[in-house]
Each structure stands twice: as structure tokens, then as C-alpha cells.
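Listed below, chain by chain, are the residues.
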Amino acid sequence: MTAPARTLPPRGVQALAPQRRRGTTPADLALLLVGACFLLPLLWLVLGSLDPQAGHETRVPRQPGLENFAAVLTPELLLRPLWNSVVLSAGTGAVTLVAAVLAAYPLSRYRSRFNTPFLYAVLFGTCLPITAIMVPVYGLFVQLELLDSMPATIFFMATTTLPMAIWMTRNFMDGVPVSLEEAAWVDGASRMTALRTIVLPLMRQGLGVVFIFVFIQAWGNFFVPFVLLLSEARQPAAVSIYSFFGQHGAVAYGQLAAFSILYSLPVLALYIIVARWSGSSFALSGAVRG
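Residues numbered from 1 in each chain as written. Predicted model: local features only at pLDDT ≥ 70, side-chain atom pairs only at ≥ 80, totals over all residues. Heavy atoms only, no water.

(A) Local environment of the overall build of the protein. Helices and strands together make up the secondary structure of the protein, namely 13 helices and zero strands. Sequence-distant contacts in the protein: of pairs separated by 6 or more residues, those separated by 24 or more amount to 73%. Surface accessibility of the protein: about 18000 Å² in total, with carbon and sulfur atoms responsible for 67%. (Helix = DSSP H or I, 4+ residues; strand = E, 2+ residues; numbered from the N terminus. Contact = heavy atoms within 4.5 Å. Areas by Shrake-Rupley, 256 points an atom, 1.4 Å probe, with all protein chains shown as cover.)

(B) Quick look at empty space enclosed by the protein. The full count for this structure, using the stated rule, is one cavity of 30 Å³ or more. Among the residues forming the lining of the largest cavity, the class breakdown is three nonpolar, one polar and three charged. (1 Å grid on protein atoms, 1.4 Å probe; cavity = no way out; pocket = protein on both sides within 12 Å on 5 of 7 lines; lining within 4 Å. Points joined across faces, edges and corners; volume = space filled by probe spheres on them. Nonpolar A, V, L, I, M, F, W, Y, C, P; charged D, E, K, R; others polar.)

(C) Quick look at the packing of helix α6 (residues 150–174) against helix α9 (residues 204–219). Between α6 and α9, the shortest axis-to-axis distance is 10 Å and the interhelical angle comes to 155°. When the interaxial angle is binned, α6 and α9 end up roughly antiparallel. Relative to α9, the crossing made by α6 is right-handed. Each of M157, T161, M164, A165, M168, T169 and F172 in α6 lies in contact with α9, whose residues at this interface are G206, V209, V210, F213, V214, Q217 and A218. Taken together, the residues of the contact of α6 with α9 break down into ten nonpolar, four polar and no charged. (Axes fitted to C-alpha atoms, helices over the stretch in contact; angles between N-to-C directions. Parallel < 35°, antiparallel > 145°, perpendicular 65-115°, else oblique. Left-handed = near helix turned anticlockwise from the far one by under 90°.)

(D) How the structure looks around the environment of L78. Residue placement: L78 occurs in helix α3 (residues 75–109). Residues L78 and A237 lie 159 residues apart in sequence; the distance between their C-alpha atoms is 7.2 Å. Those residues in contact with L78 that lie beyond four places of it in its chain are V72, L73, F259 and L262.

(E) Inspection of the nonpolar core at higher detail. Ranked by size, the top nonpolar core spans 21 residues in total, and within it M173, L195, V199, M203 and V210 carry the most contacts. For this core, the secondary structure elements donating two or more residues are α3, α4 (115–124), α6, α8 (191–202) and α9. If you tally residues by element for this core, the top one is α3, at six residues. If you look at the next biggest cluster of nonpolar residues, it comprises 19 residues, including F69, A237, A238 and V267. (Core = buried A, V, L, I, M, F, W, Y, C linked by side-chain atoms within 4.5 Å. Buried < 20%, exposed > 50% of the residue type's maximum accessible area, 1.4 Å probe, protein only.)

(F) Region of the structure containing the UniProt feature "transmembrane region" (unreviewed entry) in the protein. Those residues carrying the UniProt feature "transmembrane region" (unreviewed entry) are residues 29–47, 82–105, 117–138, 150–169, 206–230 and 250–274 in this numbering. Between the first and last C-alpha atoms of residues 206–230 the distance is 35 Å; the span itself is 80% helix and 0% strand. (UniProt positions renumbered as here; feature names shortened; annotations may be inferred.)

(G) Local environment of the pattern of salt bridges. Throughout the structure, instances matching the rule amount to five salt bridges. Here R109 and E181 are joined by a salt bridge, their closest N and O atoms 2.3 Å apart. Placement of R109 in helix α3 and of E181 in helix α7 (residues 178–186) is noted, with a sequence separation of 72 residues between them. Residue E181 is classed as buried on the basis of its relative accessible area of 0%. Within the structure, one salt-bridge network assembled from shared partners comprises D51, E57 and R59. (Salt bridge = Lys/Arg side-chain N within 4 Å of Asp/Glu carboxyl O.)

Here it is in C-alpha cells:
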């Protein structure tokens, strides 16, 4: 048998191929530059945490060691601030998630001419800078004697992340078919029962995304705990990290790098756990099958 003849592409295509390859070179250089801007700070964190004489410059340590990690692994410097951060972030995420679900459900299931203006009004709440409202909030906390209160700080931090959480939760809830709830209503289930047993299990991936978003926002929040939590025993790691900045510009760079690495591990672990639990896609094919 004779081999089939190979068809050659048109001359125009052959002429354009080298031009396309040459055109991607500036884009590749731009991506490499952007990647280097993100990689160099991470490289400084890793190298600085292993360097007992670390400075502000990025360099390979001459005698690498774990002295910086040993210096920060104390209850006062790391363990207690990390626990406070976990309590604040998890509490803020839980309160925000409950409020966002209850607020997003009527916006997703009931059509009204006030839905769009209300959603834009909620979105406007994300445009208000937190520094503009902290003075009246501080005065309110003083009058109500809520300063240095962990639950009060959690509820206030939940209000700052609630507007965006409502938008995200409503978008995920729109992906759940209403027909599934109608079938539950026919069987005698109430709306809250259908929400708890039908809607929320099907949008658990979206709830995980919202929780991670709120958790990360609260985890890195410095200004609110700094103003509302006065005692060092209740301050989170985002505030205690500034203890490595001494007077007259003195900075413990090695301990700061080690603390920053340990400070980022809980968020990375949470992201990996939720990503594996929720899966790679948000699909409802199993719910609507048949």
C-alpha cells in the first residue's frame, strides 16, 4: 500500500507561523517579569528565615539554620497570636456565612423590582473605607463597653465582609434549580427545611469559596483588631507581627521571615483542605438527573 500524500498548509499559513512565534516573545518576557516580582519576596522569606544574620537584601545564608524558627516558636510570640487569629477568622467566616445565606436566599428566589437597587446598595457598602468608619465605631464600642471583646470584634468584622459575601452567595444560589425545592415543598417541607436539606448541600462548594474569602480577609486584617482589641493577650498575629519592628528602624529580619512563613501556613492548609473536599467543579448534574 502506498502512504497517503501529505497535505501542505497554504503558503499564507506558513508565512504567518514564524510571525506568531516571534509575537509571543514580548508576552513571555512580561510574564517572566511579573513572576519574578512575586517570586523574589517569597525567595527572601525562605532564605531570610534560614539566615541567622538576615537583612533586607536577598542572599543565600552562609550558615543556614533554624535559629529564627526556634526564636519565634513561643506561646507569646506565635502560638497565642495564631490562636487568636484562628478564633477571629473562623468566627467571622461562620457569622458572615450564616448571614449571607439568609440574605441571599430571598434575593435569589423572589423576583422584585427592588432586588437590583438593594444589591447595588449592598455593593456600595464595600466601597466605604474601613478607616472612615472606625472613629464612630470606636466611640460606639466605648459607650457599649465592648472594647477588648473578642465576640464584639468578630461581629463587627463580619459586617465589613458581609456585602461581598452576599453577592457571592447569591450567585452560587442562582445555580441551584428551583424545581428541586418545589419537589420538597410538595412533600411538605418548609422553605427553611428545603434550604437546609436541598439548597445548601448542593452549593457547598460555593459556601466553601465564600468561607475561604472571608477567612483570608479576616486573617490579614490589621486595623480593626489593632483598634478594638487593646490587650496583647487578645491580639491576632496580624497585629503581633509588628513586634519584630523595633525602635530607631531596627528590624529582626530573620525572625520576621520565619514568623511570616508560619503565619501563612494555616491559610494554605485551609485552602488545600477545602479544595480537595469541594472538588474541581461546581456541578449539579447528579441532582437533576432523571
